[in-house]
Amino acid sequence: MAARWREWGELAIQGLLFFAALVSVFTTMGIVVVLLVEALPFFQQVSLVQFLTDTQWTPLFAQKRFGIAPLLAGTLLTSAVALALAIPVGLLSAIYLSEYAPARVRATVKPILEILAGIPTVVYGYFALLFVTPLLKRVIPNLETFNALSAGLTMGIMIIPLVSSLSEDALYAVPNSLREAAYALGATRLEVALRVAVPAALSGIVASFILAASRAIGETMIVAIAAGQRPILTLDPRRAIETMTAYIVQVSLGDTPHGTLEFRTIFAVGLVLFLFTLVLNVIAIRIIQRYREVYR
């Protein structure tokens, strides 16, 4: 009788896990359906060629232009600034925590570092606007009040825990036998860290980079508050720009009538964001499959 109850319990747990997986799948499918249903009427009125090649984005102005290039450039610019800060700082932090820090220091520093990921992004946004921007203006006098640089740097601070924590976990999973073999051959601690541990954990490290890139591209409140709402095509981080997520926030405030062409632009932009995230996830999966190391 006990064995029968145990079997039924295992089946119930399997069913619960399967249901959880289905919820994730159907949620993703629902998002895709909503984006396509709302975006297709937009592309029936605006050609895909104009959407991809026009250099002006003014759907809320009297003279309407629907080129996503300014929003795309602003998104990539802030994301590039964020990754330029987060990747080296996060990776070096991970190497220190995994290869150099004592167990007590690692147990203390890692949770403190991960607190950065729990701070609300609206707090980061005002931190960028009221602290980072005035600080940068002392060094860069012609920096605009709303700019891509301060938003990108603050976003980089926010995603450091993603790179650091995931990379540290990947490094910590490398078997100590590899390190001991390298020490036996006369390698220094730095050589073991950079030439043994990092290459062995490369798939996890690269996956953390791509996850951080996805997080940066999809960030909303920091860029909406600190980067501005000026959709201009520029790669100058000192200027005010507008990202795809900031534009979605702008239209979603309620001033644009539902069902109009202007309102449907947010679904077209959201579809582009979704495709960006999908491509990054596919790249991450391919990299993990290509460089994954299996140890026994």
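Placed above this text is the structure.
Residues numbered from 1 in each chain as written. Predicted model: local features only at pLDDT ≥ 70, side-chain atom pairs only at ≥ 80, totals over all residues. Heavy atoms only, no water.

When helices and strands are tallied, the protein shows 12 helices and 0 strands. Listing the helices and strands of the protein from first to last along the sequence gives α-α-α-α-α-α-α-α-α-α-α-α. In terms of principal-axis extent, the alpha carbons of the protein reach across some 70 × 65 × 35 Å. Counting only residues that meet the buried cut, the protein has 40% of its 296 residues in that class. Residue pairs in contact within the protein that sit at least 24 positions apart in sequence constitute 72% of those at least 6 positions apart. Only carbon and sulfur atoms are counted for the fraction: they give 68% of the accessible area of the protein, which is about 16,400 Å². Positive and negative side-chain charges in the protein, numbering 21 and 17 respectively, have mean positions lying 3 Å apart. (Helix = DSSP H or I, 4+ residues; strand = E, 2+ residues; numbered from the N terminus. Buried < 20%, exposed > 50% of the residue type's maximum accessible area, 1.4 Å probe, protein only. Contact = heavy atoms within 4.5 Å. Areas by Shrake-Rupley, 256 points an atom, 1.4 Å probe, with all protein chains shown as cover. Lys, Arg positive; Asp, Glu negative; His and termini not counted. Charge placed at Lys NZ, Arg CZ, Asp CG, Glu CD.)

Where helix 4 (residues 103-114) contacts helix 6 (residues 148-172), the two axes come as close as 9 Å, and the packing angle between them is 145 degrees. Contacts between helix 4 and helix 6 involve Arg106, Lys110, Leu113 and Glu114 on the former and, on the latter, Ile160, Pro161, Ser164, Ser165, Glu168, Asp169 and Tyr172. Among the residues forming the contact of helix 4 with helix 6, the class breakdown is 4 nonpolar, 2 polar and 5 charged. (Axes fitted to C-alpha atoms, helices over the stretch in contact; angles between N-to-C directions. Nonpolar A, V, L, I, M, F, W, Y, C, P; charged D, E, K, R; others polar.)

As a further point, take helix 9 (residues 202-218). Compared with an ideal rise of 1.5 Å per residue, which puts 17 residues at 24 Å, helix 9 spans 24 Å between its outermost C-alpha atoms and is within 8% of the ideal. Across the 17 residues of helix 9, 12 count as buried, placing the element largely inside the fold. Taken residue by residue, helix 9 has Ser203, Ile205, Val206, Ala207, Ser208, Phe209, Ile210, Ala212, Ala213, Ser214, Ala216 and Ile217 as its buried positions. (Expected span 1.5 Å × (residues − 1).)

For the rest of this paragraph, the subject is the packing of aromatic side chains. Each pair of aromatic rings is reported with the distance of its centres and the angle of its planes. Under the definition given, this model contains 9 aromatic pairs. Their ring planes at 75 degrees and their centres at 5.7 Å tell us that phenylalanine 42 and phenylalanine 66 sit as a pair that is edge-to-face. A residue pair is termed long-range when its members are at least 10 positions apart, and phenylalanine 42 in helix 1 (residues 2-45) and phenylalanine 66 in the loop between helix 2 (48-53) and helix 3 (69-100) qualify at 24 residues. No difference in accessibility class separates phenylalanine 42 from phenylalanine 66, as the two residues are buried. Where tryptophan 57 meets phenylalanine 66, the ring centres are 6.4 Å apart and the plane angle is 90 degrees; that geometry is what we call edge-to-face. For the pair tryptophan 57 and phenylalanine 66, a shared accessibility class is recorded, and that class is buried. Among the aromatic residues, those joined into a ring-pair cluster are Phe42, Phe43, Phe51, Trp57, Phe66 and Tyr247. (Phe/Tyr/Trp six-rings, centres within 6.5 Å; stacked < 30°, edge-to-face > 60°.)

Looking now at the nonpolar core. Ranked by internal contacts, the top residues of the largest apolar core, which has 63 residues, are Trp57, Ile68, Ile159 and Leu171. The element contributing the most residues to this core is helix 12 (residues 261-291), with 11 residues. Counting residues in each nonpolar core, the second largest holds 5 residues, with Val81, Leu136, Leu143 and Leu149 among its members. (Core = buried A, V, L, I, M, F, W, Y, C linked by side-chain atoms within 4.5 Å.)

Attention now goes to the side chain of glutamate 242. Here glutamate 242 lies in the loop between helix 10 (221-226) and helix 11 (244-251). Of the side chains bearing the opposite charge, arginine 230 lies closest to the buried glutamate 242, which forms no salt bridge; the N-O distance is 9.3 Å. The contacts of glutamate 242, once residues within four sequence positions are left out, are Pro70, Leu71, Gly74, Gly228, Gln229, Arg230, Pro231, Tyr247 and Gln250. (Salt bridge = Lys/Arg side-chain N within 4 Å of Asp/Glu carboxyl O.)

This next bit is on the environment of threonine 53. Along the chain, threonine 53 falls in helix 2. Residues threonine 53 and glycine 67, spaced 14 residues apart in sequence, show a C-alpha to C-alpha distance of 6.1 Å. Among the polar contacts listed, one links the side chain of threonine 53 to the backbone oxygen of valine 49, at a separation of 2.4 Å. (Polar contact = N/O pair within 3.5 Å; in protein donor to acceptor, adjacent residues only side chain to side chain.)

The next thing to look at is the pattern of salt bridges. Two side chains carrying opposite charge are able to pair once their charged atoms lie near each other. Taken as a whole, this structure holds 11 salt bridges when the rule is applied. Across the salt bridge formed by aspartate 54 and arginine 65, the nearest N and O atoms sit 2.8 Å from each other. One end of the pair, aspartate 54, is in the loop between helix 2 and helix 3; the other, arginine 65, is in the loop between helix 2 and helix 3, and 11 residues separate them in sequence. The partly exposed category is assigned to arginine 65, whose relative accessible area is 25%.

Attention now moves to a nonpolar patch on the surface. A cluster of nonpolar side chains, Phe18, Leu22, Val25, Phe26 and Met29, forms an exposed patch at the surface whose accessible area comes to about 490 Å². For phenylalanine 18, a relative accessible area of 54% gives the class exposed. (Patch = residues over 30% accessible without salt bridge, like charges linked within 9 Å, V, L, I, M, F, W, Y side chains within 5 Å.)

For serine 214, the location among the structural elements is in helix 9. Setting aside anything within four residues of it in sequence, one finds serine 214 in contact with Leu280 and Asn281.

Limitation: the analysis is restricted to geometry and does not speak to function.
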